[in-house]
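Structure at a glance
Spelled out, the chains give:
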Amino acid sequence: MPFGFLLPAFLAGLAALAVPIVLHLRQREREKPQPFPSLMFLSRIPIRTAQRRRITDWPLLLLRALALALLIAAFARPLLRGGATATGAPGRNVVILLDRSLSMGHRESWNPARDSAHRVIAALSPRDRVALVTFDEEASVPQPFTTDHAAAAAALDRLVPGARGTHYAAAWRAARQLLGSDSTAAAELVMITDLQLAGGGAPEGVALPAGVTLRTIAVGPATAANSAVASVEIEQRAGDGRGSVVVAARIRSFSLPSPRKVKVTLTLGGRISGTRDVTLPVNGSTRVAFDPVPLPAGDLPVSVATEPDALAADDVLNAVIPAEAARRVILVTSPDAAAEETAFLERALTIGTDPRIAIERRISGTIDPVGLRGAAAVILYDVAPPSGAGGAALSAWVAAGGGVVIATGPRLAARGIDGAFSPGRLRGIADRSAERGGSLGELVEEHPIFSAFRGGATAALGSARYLRYARVEAQSGARVLARFDDGLPALLERREQSGRVLLVAAPLDDRAGDFPRQPAFLPFVRRLVLYAAGGDGAPLWHTTGAAWRPGLAIPDMVVASPSGELLRPDSAHGGAIVLTEAGVYSAYRERAVGAPAAIVAANAPAGESDLTRLKATDLLLGVADSNATAATRGPPTSAELEQRQQLWRIFLMVVALLLLVETWLVGRGWRASAGRIVTVPDGGAE
């Protein structure tokens with residue numbers, strides 16, 4: 001292995017090592033006659049003759065010389081140039097970033113991508129280290145850095161495309177973590193991807209070690225032609241038993257070369273329940289509705305599929321119709337309330353189907369713990385919150401996660417509310433009949449109740465006129481979500497432990513305004529009640545990558561994935577199951593046999609079906625300290641090698657060790673007993 005020095009001039013100091021040895025060997029005592037008048041008064045002293053000196057302790061001399069030589073060599077900054085220089089192929093750290101998102105399942109993407117990765121591995125020199133990183137929305141490292149290229153190729157052969165979305169930032173972060181903070185390492189990142197635009201490019205602020213070479217290998221089809229089942233709509237209809245269900249699907253097409261005729265198939269509970277022949281446009285969306293089908297008991301898995309194309313993974317969409325779609329809402333009214341007072345409210349709540357809401361009408365004073373069990377929300381329509389046992393039961397139910405809506409009317413406004421249960425106190429009625437009514441003014445648009453009115457749709461709420469409404473004063477801890485144009489609160493919320501209580505001052509009947517006759521009324525009251533109930537209910541499907549936890553407790557739960565793999569709840573995700581595959585997951589108690597206790601569907605993000613590509617250069621935007629070219633990096637310089645190896649530290653440690661040995665050696669054996677030179681006795685002159 002070639003050995004060199006970064007500062008060879010320091011090696012001149014080795015010459016000084018020979019000087020004392022030469023002087024020692026060449027030293028002679030030479031006679032020099034001196035004239036003297038008389039010798040009679042002098043004593044006779046023996047005189048040594050000139051003689052060549054000899055080295056008597058070679059080991060000690062060599063030990064000291066070696067220590068001095070190593071010290072000089074350390075200052076010369078030694079380095080090993082390695083076999084790379086000898087062969088002309090530098091050793092590098094090569095990281096292969098392989099996209100395995102759902103779009104890579106295209107028949108023109110995955111095999112070319114894997115072949116490209118094999119070619120990268122085959123082109124490595126024996127000293128190159130390679131690591132394999134796969135990414136979709138997250139990154140994983142199936143093969144850390146290794147010089148065993150066969151192992152890396154074997155790990156590559158075991159990979160298959162996944163069912164999740166693309167997120168390039170995950171790949172960059174994984175590469176950054178692999179390369180560490182060693183800015184002197186000769187490294188190369190090779191990203192193999194279909195350059196899907198939905199991946200988002202590189203995030204701002206990603207910094208890689210300086211000098212890292214970035215290379216992109218683009219694979220995939222030349223065009224973005226694709227079609228996919230984008231969504232499924234469920235409409236439940238009343239009838240015998242659970243009634244019937246109407247399933248409709250929306251098929252999206254992207255950049256098709258021409259309109260495409262496909263057959264769309266509906267499958268309910270594992271059985272084909274209908275087919276439709278449709279023609280997809282070149283670009284756009286097509287809605288396909290199937291005939292009503294009787295709805296059986298229990299959770300019902302649903303799938304809608306089209307004939308497969310080049311990207312077959314998005315040609316089927318799975319969903320689950322929950323066993324109990326309707327959410328029970330208790331409507332509490334005054335005993336003297338007429339049916340017309342709540343007609344608009346009841347109709348708006350029951351007309352929707354996603355989710356379906358079932359109204360249970362009661363009169364005030366009939367609230368009890370049994371009736372609250374299983375209820376999604378309680379609406380106190382123009383009645384005060386109950387007191388006594390009913391009030392205690394309602395407070396406990398709210399604290400456990402229930403939701404209450406207090407809808408004010410003329411009775412409640414006249415009576416007033418001072419109890420701590422309400423988020424506001426009522427202080428009479430604001431009569432704005434002379435002004436032809438007031439309207440809503442300020443709204444907290446980011447609140448979930450107003451989610452249907454974002455993007456400029458809040459004007460629909462402002463078009464309603466209110467002739468009379470309750471004067472409300474917010475209580476401590478309450479949040480005002482909406483105000484009338486005179487500044488009085490129109491909607492308030494207060495959290496009560498795990499539950500919530502909302503107070504609506506805006507009239508919900510047509511006696512004091514025209515709000516129930518406005519288009520915004522229906523989405524508003526549905527969002528209001530569903531928010532109080534804690535959400536919109538179980539979704540028909542989840543997106544892959546989401547964590548799923550069944551709504552009911554399942555002891556010792558085991559979950560069968562769509563591929564048949566058995567999973568246990570992951571403590572790292574709070575006991576939930578991460579849905580990594582597309583399809584239907586089934587949860588069982590203890591063993592995966594018999595009927596599942598719960599099922600859930602998962603589908604890939606809709607954006608994966610859009611194969612529009614971004615530019616390879618855009619993929620590198622935001623990556624700092626990178627070369628951002630496909631150029632090959634040359635062999636490391638001597639300075640880089642020396643800084644990476646730092647052999648001078650080893651040399652100094654050896655010098656220290658030699659000096660310790662030298663100190664120990666001079667105090668041992670005959671060297672420790674050596675005394676002064678004995679004078680030569682008379683007559684002993686040579």
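Heads up: these notes are all about the structure in this document. (Residues numbered from 1 in each chain as written. Predicted model: local features only at pLDDT ≥ 70, side-chain atom pairs only at ≥ 80, totals over all residues. Heavy atoms only, no water.)

What follows covers the overall build of the protein chain. When helices and strands are tallied, the protein chain shows 15 helices and 33 strands. With 686 residues in all, the protein chain has 44% of them scored as buried. The contacts of the protein chain with a sequence gap of at least 6 include a subset with a gap of at least 24, amounting to 73%. Only carbon and sulfur atoms are counted for the fraction: they give 55% of the accessible area of the protein chain, which is about 34,500 Å². (Helix = DSSP H or I, 4+ residues; strand = E, 2+ residues; numbered from the N terminus. Buried < 20%, exposed > 50% of the residue type's maximum accessible area, 1.4 Å probe, protein only. Contact = heavy atoms within 4.5 Å. Areas by Shrake-Rupley, 256 points an atom, 1.4 Å probe, with all protein chains shown as cover.)

In this section: the packing of helix α7 (residues 343–351) against helix α12 (residues 521–532). Direction vectors running N to C along α7 and α12 enclose 75°, while the axes themselves pass 9 Å from each other. One finds that α7 runs roughly perpendicular with respect to α12. In this structure, α7 contributes F344, L345, A348, L349 and I351 to the contact, and α12 contributes F521, L522, V525, R526 and V529. (Axes fitted to C-alpha atoms, helices over the stretch in contact; angles between N-to-C directions. Parallel < 35°, antiparallel > 145°, perpendicular 65-115°, else oblique.)

We now examine the pairing of strand β15 (residues 316–321). The element β15 is extensively covered by neighbouring structure, given that 5 of its 6 residues are classed as buried. Here strand β14 (residues 300–306) pairs with β15 via 6 bridges, running antiparallel. Within β15, the residue paired with L300 across the bridge is I321. (Pairing = 2+ DSSP bridges.)

Spatially, β26-β32-β31-β28-β29 is the arrangement adopted by the 5 strands of the open sheet, whose pairing is mixed. In this open sheet, the two strands that pair with only one neighbour each are β26 (542–543) and β29 (566–567). In the sheet, β26 pairs with strand β32 (residues 598–603) via 2 bridges, with the strands oriented parallel. Its bridge partner lying in β32, T543 is registered against N603.

To continue, consider the pattern of salt bridges. Within this structure, the stated rule accounts for 26 salt bridges. We note a salt bridge from R164 to E138, for which the minimum N-O separation is 3.8 Å. Pair noted here: R164 is in the loop between α5 (149–157) and α6 (168–179) and E138 is in the loop between β4 (129–135) and β5 (139–146), with a separation of 26 residues, a long-range link. Residue R432 pairs with D486 through a salt bridge whose shortest N-O separation is 3.7 Å. In this pair, R432 sits in the loop between β20 (424–431) and β21 (440–443) while D486 sits in the loop between β23 (479–484) and β24 (489–496), placing the two residues 54 residues apart along the sequence. Since its relative accessible area comes to 9%, R432 is described here as buried. On the basis of relative accessibility, which here comes to 36%, the residue D486 falls in the partly exposed class. Among the charged side chains, a network of salt bridges with common partners joins D336, E341, D382, R411, D509 and R511. (Salt bridge = Lys/Arg side-chain N within 4 Å of Asp/Glu carboxyl O.)

Let's shift gears to the packing of aromatic side chains. Applying the stated rule across the entire model yields 8 aromatic pairs. Measuring from centroid to centroid gives 5.8 Å for Y466 and F515, while their planes differ by 65°, and the two rings are edge-to-face. Within this pair, whereas Y466 is found in the loop between α11 (459–462) and β22 (468–474), its partner F515 is found in the loop between β25 (499–504) and α12, the two being separated by 49 residues in sequence. The class for Y466 is buried, based on a relative accessible area of 0%. Each residue in the set F450, Y466, Y469, F484, F515, F521 and F524 is aromatic and connected to the rest through ring pairs, giving one cluster. Its guanidinium or amino end placed over the ring of F145, R129 lies 4.6 Å from that ring's centre, counting from NZ or CZ. (Phe/Tyr/Trp six-rings, centres within 6.5 Å; stacked < 30°, edge-to-face > 60°. Lys NZ or Arg CZ within 6 Å of the ring centre and 35° of its normal.)

Phi is positive for R436, close to 65°, though the residue is something other than glycine. Tracing the backbone through its elements, the reader meets R436 in the loop between β20 and β21. The backbone phi angle of E590 is positive, close to 65°, even though this residue is not glycine. Within the secondary structure, E590 is located in the loop between β31 (583–589) and β32.

Spatial ordering of the open sheet is given by β17-β16-β18-β19-β25-β24-β23-β21, a layout of 8 strands whose pairing is mixed. Edge strands, defined here as strands with exactly one partner in the open sheet, are β17 (357–363) and β21. Along the sheet, successive strands turn relative to each other by an average axial angle of 20°, direction set aside. Where strand β16 (residues 327–333) meets β17, 7 bridges bridge the pair, whose relative direction is parallel. Looking at β17, one finds that V329 is bridged to I359. Its contacts with the sheet put α7 on β16, β17 and β18 (377–381), and the angle it makes with β17 is roughly 150°. Against the sheet, α12 touches β16, β17, β18, β19 (403–407), β24 and β25, its axis set at about 150° to β25.

This part covers the side chain of T408. Here T408 is to be found in the loop between β19 and α10 (410–415). The exposure class assigned to T408 is buried, which follows from its relative accessible area of 7%. At 2.9 Å, the side chain of T408 and the backbone oxygen of V504 are in polar contact. Those residues in contact with T408 that sit more than four places away from it in its chain are D382, L426, A470, L503, V504 and A505. (Polar contact = N/O pair within 3.5 Å; in protein donor to acceptor, adjacent residues only side chain to side chain.)

Attention now moves to a nonpolar patch on the surface. Judged by side-chain polarity, L7, F10, L68, L71, F75 and L652 come together as a nonpolar surface patch covering roughly 490 Å² of accessible area. Along the chain, L71 turns up in helix α2 (residues 58–75). Judged by relative accessible area, which is 32%, L71 ranks as partly exposed. (Patch = residues over 30% accessible without salt bridge, like charges linked within 9 Å, V, L, I, M, F, W, Y side chains within 5 Å.)

What follows covers the packing of helix α4 (residues 110–122) against α5. Two numbers describe how α4 lies on α5: the axes approach to 10 Å, and their chain directions differ by 175°. Between α4 and α5, the interaxial angle falls into the category roughly antiparallel. Counted together, R114, A117, H118 and I121 of α4 and H149, A152, A153, L156 and D157 of α5 form the full contact between these two elements. Along the lines of polarity and charge, the residues of the contact of α4 with α5 split into 5 nonpolar, 2 polar and 2 charged. (Nonpolar A, V, L, I, M, F, W, Y, C, P; charged D, E, K, R; others polar.)

This part covers α12. Between its first and last C-alpha, α12 extends 17 Å over 12 residues, near the 16 Å set by a 1.5 Å rise per residue. With respect to burial, α12 is a largely interior element, 10 of its 12 residues being buried. Among the residues making up α12, those that are buried are F521, F524, V525, R526, R527, L528, V529, L530, Y531 and A532. Remark: G534 follows α12 within two positions and exhibits a positive phi of approximately 100°. (Expected span 1.5 Å × (residues − 1).)

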